[in-house]
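Structural overview for review
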Amino acid sequence: TILCEVSEGVAVVTLNRPDKFNAFTERMNKEITDALKQAQKDESVRCILLTGAGRAFNAGQDLGDVAGGGEVDFGGFLRDRYNPMILQFQKTEKPIVAAVNGVAAGAGMSVALACDIRLASEKASFVNAFVNIGLVPDSGGCYFLPRIVGLGKALELAMTGEKVSAAEALRIGMVNQVYPADTFQEEALAYARKLATLPTRAIGLIKRTMNKGLDMSLEETLNYEAYAQGIAGSTEDHKEGVTAFMEKRAPRFTGR
Ligand code: LHQ
């Protein structure tokens, strides 16, 4: 239900159920988790690009699988299928870029928010669809959305379930860049390839330290920065960065 292809340092993961707007199934949840674990292990991967096949990015849980309600224990459902997948986004110490090609709804929106950077096609949109079917944002929606757009906007989007356009998403800081639909795939790939040439270990440490910092005091964060800097300072990429600066040339980072 997903496609995964590695080239030029980028693992492109494509959600691939286009006729169902790439809606999640149990198998897809598992395949995404496994693809992220594999990307973490593979030293040639220095950036992950997540996108959707066809018109949509992802429409959330396949409602065909849970129709009727009541019969499915949603708490257990989330704990077994979705929560391990979302946690894997943060455990993956490489940049994860969402290339939001079309609509991202429900858990599909949450997954986009769990990525480190969001690029949107001008055709993309975001629907916090949970409330529209009497549910609560899940898959990290209650965690990431207020942290990215602020509590006021997050409550509005979650309570109304209204569709947000790519332009509006850019205005409120929910996406980092918007590109024309006809060049979107190339632009997103170029962005990911650029990230894949940067100091990957430092980027992993930036991701870990900033995310930890959200739950820590200033003093704890300062301590963690000192710890992370100790690691970053011993990387080959740090040495290369300083040498290149001194030699007035562009650095060639290897991710080590
Ligand atoms: C779909 C879906 C879909 C199946 C579009 N499933 N077919 C997990 C489980 C347990 C506990 C609770 O939490 C969760 C996490 C969740 O994600 S809950 C939220 C689930 N998602 C939604 O409620 C979104 C439902 N979809 C929509 O609101 C709209 O379809 C969106 C806004 C995504 C797109 O709207 P349109 O562009 O107008 O397209 P459409 O509605 O015509 O949909 C296109 C096709 O995709 C259509 O199929 P058809 O055969 O008629 O062409 C839809 O039935 C199908 N589809 N979402 N989640």
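Residues numbered from 1 in each chain as written. Predicted model: local features only at pLDDT ≥ 70, side-chain atom pairs only at ≥ 80, totals over all residues.

Topic: the domain arrangement of the protein chain
Taken as a whole, the protein chain is organised into domain 1 (2–195) and domain 2 (200–246). If you average the C-alpha positions of domain 1 and of domain 2, the two centres end up 27 Å apart. On the domain 2 side, the residues contacting the 7 residues of domain 1 number 7 residues. Here the side of domain 1 that touches domain 2 is composed, by residue class, of 1 nonpolar, 1 polar and 5 charged. (Domains from an automatic or database assignment. Contact = placed C-beta atoms within 7 Å. Nonpolar A, V, L, I, M, F, W, Y, C, P; charged D, E, K, R; others polar.)

A look at the site of the ligand
Contacts to the ligand come from 22 residues, most closely from Ala59, Gly60, Gln61, Gly106 and Ala107. Sorting the residues of the shell around the ligand by element identifies helix H2 (74–91) and strand E5 (103–105) as the ones contributing at least two each. Among the residues making up the shell around the ligand, the classes are represented as 15 nonpolar, 4 polar and 3 charged. (Near = placed C-beta within 6 Å. Helix = DSSP H or I, 4+ residues; strand = E, 2+ residues; numbered from the N terminus.)

Overview of helix H9 (residues 218–232)
With 15 residues, H9 ought to run about 21 Å at 1.5 Å a step, and its terminal C-alpha atoms sit 20 Å apart, in line with that. Little of H9 sits inside the fold, with 0 of its 15 residues counted as buried. (Expected span 1.5 Å × (residues − 1). Buried ≥ 20, exposed ≤ 12 C-beta atoms within 10 Å, placed from the backbone.)

As for the packing of helix H1 (residues 26–41) against H2
At a minimum axis distance of 9 Å, the contact between H1 and H2 shows a crossing angle of 25°. Compared by their axis directions, H1 and H2 come out roughly parallel. When the axes of H1 and H2 are compared, the crossing they make is left-handed. Facing H1, whose interface residues are Glu26, Asn29, Ile32, Thr33, Leu36 and Lys37, H2 presents Arg81, Tyr82, Pro84, Met85, Gln88 and Phe89. (Axes fitted to C-alpha atoms, helices over the stretch in contact; angles between N-to-C directions. Parallel < 35°, antiparallel > 145°, perpendicular 65-115°, else oblique. Left-handed = near helix turned anticlockwise from the far one by under 90°.)

Quick word on the sheet that holds strand E8 (residues 163–165)
Overall, mixed pairing links the 3 strands, which are arranged E5-E7-E8 in an open sheet. Because the sheet does not close on itself, it has two edges, and the strands there are E5 and E8. Going across the sheet, the axis of each strand differs from the next one's by a mean of 20°, ignoring polarity. Across 3 bridges, the pairing between strand E7 (residues 125–127) and E8 is antiparallel. Its bridge partner lying in E8, Val127 is registered against Lys163. This element, helix H3 (residues 107–114), spans E5 and E7 of the sheet and lies at about 100° to E5. (Pairing = 2+ DSSP bridges.)

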